[in-house]
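Structure assessment
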Amino acid sequence: GEREINDVEPKDRDIAMVFQNYALYPHMTVFENMAYGLKLRKMPKGEIDQKVRQAAAMLGLETQLHKRPKQLSGGQRQRVALGRAIVRQPKAFLFDEPLSNLDAKLRGDMRFELKTLQQDLSTTALYVTHDQVEAMTLGDRITVMNEGVIQQVAQPTALYDWPWNRFVAGFIGQPQMNFFTGTLSCANGYTFAHPFGSDLPLLMEHAQRLKELGEGAEIQLGVRPEHLSDARYLTPASDQVPLRCTVRVVEVLGDHQYVYLVFTGGNEEQVVIMKNPAHHTARPGEEIEVFMDTAKAHVFAGTDADARNLTLPPDFAQQQ
């Protein structure tokens, strides 16, 4: 029968690892580094030569084969480490943050190359990263972990649209989701009472779960930057409640801008990020009103990292 991988000797696992720090042999050439694993397996010389050259062509390393690692750039070294894994034609690749030592532009280029490579080789790859852009762009399925505990396993879009709990909601999304802490009121429909202005109506479709929490329960409302809008540029729906705030900082990013807003209520102050189209002007120090698209907001039962998301579809299963 099938054995667990833990019971198989590392050398017999048929898994190739690509490390964060490249782990190349400094005294060997690029060719020798890539050929080393095959040599250990006593592969015929001609076959080794063919496999290394094939992988080098894939990775644009043909002209570098005679060089030593210290003569290469970080990006080239990472390619050699990739090549060393590819030539083995393993059953699976393990990538341990392989791009984290590269600069931003090179990381973007290498992301594209890794994705292309994975599509060409169609070999299963397990990829560990702290960079959520990497995870979202490279992953077919993503496992989000917090302190070694799996929080959610899903496709990238499902993680973004339907985060299972507060940790996942705050972790996936750039810039991250904004969270308002407040209490649930069930007196007049279901509303969210918070320190920064009028109560906000919550969707009736979540009534059953909200009812279970009960009057006065502490909840958090999570809203992404793209679901906040400057009231001056919007015709609101009749049930939308404007919230007053002050513009603190504006980051202009070409086709859009991030506006950092300060909400004040009682003795509390909170900074919230709104994503604006480029033509919406906001100036630091301005007092403005914003609308929150409560239909797109997420309600979390409690304020802990594992507070569950009450706004998931009823049939939503944890493991996607």
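The structure we're discussing is the one just above.
Residues numbered from 1 in each chain as written. Predicted model: local features only at pLDDT ≥ 70, side-chain atom pairs only at ≥ 80, totals over all residues. Heavy atoms only, no water.

1. Remarks on the environment of Glu251
- Locating Glu251 in the fold gives a position in strand 11 (residues 243-252).
- Taking C-alpha positions, Glu251 is 10.0 Å from Asn276, a pair spaced 25 residues apart along the chain.
- What Glu251 contacts, discounting residues up to four positions off in sequence, is His256, Gln257, Tyr258 and Tyr260.
- Side chain to side chain, Glu251 and Tyr260 meet in a polar contact 3.4 Å long. (Helix = DSSP H or I, 4+ residues; strand = E, 2+ residues; numbered from the N terminus. Contact = heavy atoms within 4.5 Å. Polar contact = N/O pair within 3.5 Å; in protein donor to acceptor, adjacent residues only side chain to side chain.)

2. Section: the packing of aromatic side chains
- For the structure shown, the criterion picks out eight aromatic pairs.
- Measuring from ring centre to ring centre gives 5.8 Å for Phe179 and Phe300, while their planes differ by 65°; the resulting arrangement is edge-to-face. Residue Phe179 is located in strand 6 (residues 178-185), and its partner Phe300 is located in strand 15 (residues 298-301); the two are separated by 121 residues in the primary sequence.
- Take Phe179: its relative accessible area is 11%, and that puts it in the buried class.
- Following the ring pairs from residue to residue traces out a cluster consisting of Phe93, Phe95 and Tyr127.
- Positioned over the ring face of Phe179 is Arg166, at 4.4 Å from the centre of the ring.
- Taking the ring centre of Tyr160 as reference, the NZ or CZ of Arg224 above it sits at 3.9 Å. (Phe/Tyr/Trp six-rings, centres within 6.5 Å; stacked < 30°, edge-to-face > 60°. Buried < 20%, exposed > 50% of the residue type's maximum accessible area, 1.4 Å probe, protein only. Lys NZ or Arg CZ within 6 Å of the ring centre and 35° of its normal.)

3. Side note on the layout of surface pockets
- In this structure, the largest pocket encloses a volume near 940 Å³.
- Lining the largest pocket are 32 residues; nearest its centre among them are Leu126, Tyr127, Val128, Arg141 and Thr143.
- Broken down by secondary-structure element, the contributors of at least two residues to the lining of the largest pocket are strand 2 (92-96), helix 4 (104-121), strand 3 (124-128), helix 5 (132-138), strand 4 (142-146) and helix 7 (166-171).
- Taken as a whole, the second largest pocket encloses approximately 420 Å³ of empty space.
- When contributions to the lining of the second largest pocket are tallied by element, the ones reaching two or more residues are strand 1 (15-18), helix 1 (30-40) and helix 3 (74-86).
- The residue makeup of the lining of the second largest pocket, split by class, is 11 nonpolar, one polar and five charged. (1 Å grid on protein atoms, 1.4 Å probe; cavity = no way out; pocket = protein on both sides within 12 Å on 5 of 7 lines; lining within 4 Å. Points joined across faces, edges and corners; volume = space filled by probe spheres on them. Nonpolar A, V, L, I, M, F, W, Y, C, P; charged D, E, K, R; others polar.)

4. Focus: helix 1
- Buried within helix 1 are the following residues: Val30, Phe31, Asn33, Met34, Ala35, Gly37 and Leu38.
- Where helix 1 is buried, its residues meet helix 2 (45-58) and helix 3.
- Looking one or two residues past helix 1, Lys42 carries a phi angle of roughly 60°, positive in sign.

5. Thoughts on the pattern of salt bridges
- What the rule picks out here adds up to 11 salt bridges.
- The salt bridge partner of Asp131 is Arg107, with a shortest N-O separation of 3.8 Å. With Asp131 in the loop between strand 3 and helix 5 and Arg107 in helix 4, this pair connects stretches of sequence that are 24 residues apart.
- For Arg107, a relative accessible area of 23% puts it in the partly exposed group.
- Taking the shortest distance from any N to any O, the salt bridge between Asp293 and Lys296 comes out at 3.7 Å.
- Using a relative accessible area of 25% as the deciding quantity, one classes Asp293 as partly exposed.
- According to the relative accessible area criterion, Lys296 is partly exposed, its value standing at 44%. (Salt bridge = Lys/Arg side-chain N within 4 Å of Asp/Glu carboxyl O.)

6. Here we look at the pairing of strand 2
- Direction of pairing for strand 1 relative to strand 2: parallel, over a ladder of four bridges. Opposite Val18, over in strand 2, you have Phe95 as the bridge partner.
- One ladder, built from five bridges, connects strand 2 with strand 3; its direction is parallel. Opposite Ala92, over in strand 3, you have Thr124 as the bridge partner.
- Crossover handedness for the path strand 2 to helix 4 to strand 3: right-handed. (Pairing = 2+ DSSP bridges. Right-handed = clockwise from strand over helix to strand, strands pointing away.)

7. Brief notes about empty space enclosed by the protein
- Following the criterion strictly, the structure yields two cavities of 30 Å³ or more and no others.
- A volume near 50 Å³ is recorded for the largest cavity.
- Lining the largest cavity, in full, are Leu202, Leu203, His206, Leu221, Thr294, Ala297, Val299 and Thr311.
- When grouped by side-chain class, the residues that make up the lining of the largest cavity number five nonpolar, three polar and no charged.

8. Remarks on the side chain of Gln270
- On the secondary structure map, Gln270 appears in strand 13 (residues 268-277).
- Engagement of the side chain of Gln270 in a polar contact is seen with the backbone oxygen of Phe179, the distance being 2.5 Å.
- If we skip the residues at most four places from it in the chain, Gln270 touches Phe179, Phe180, Phe196, Leu261, Val262 and Phe263.

It is worth stressing that arrangement in space is one thing and function is another; only the former is reported here.
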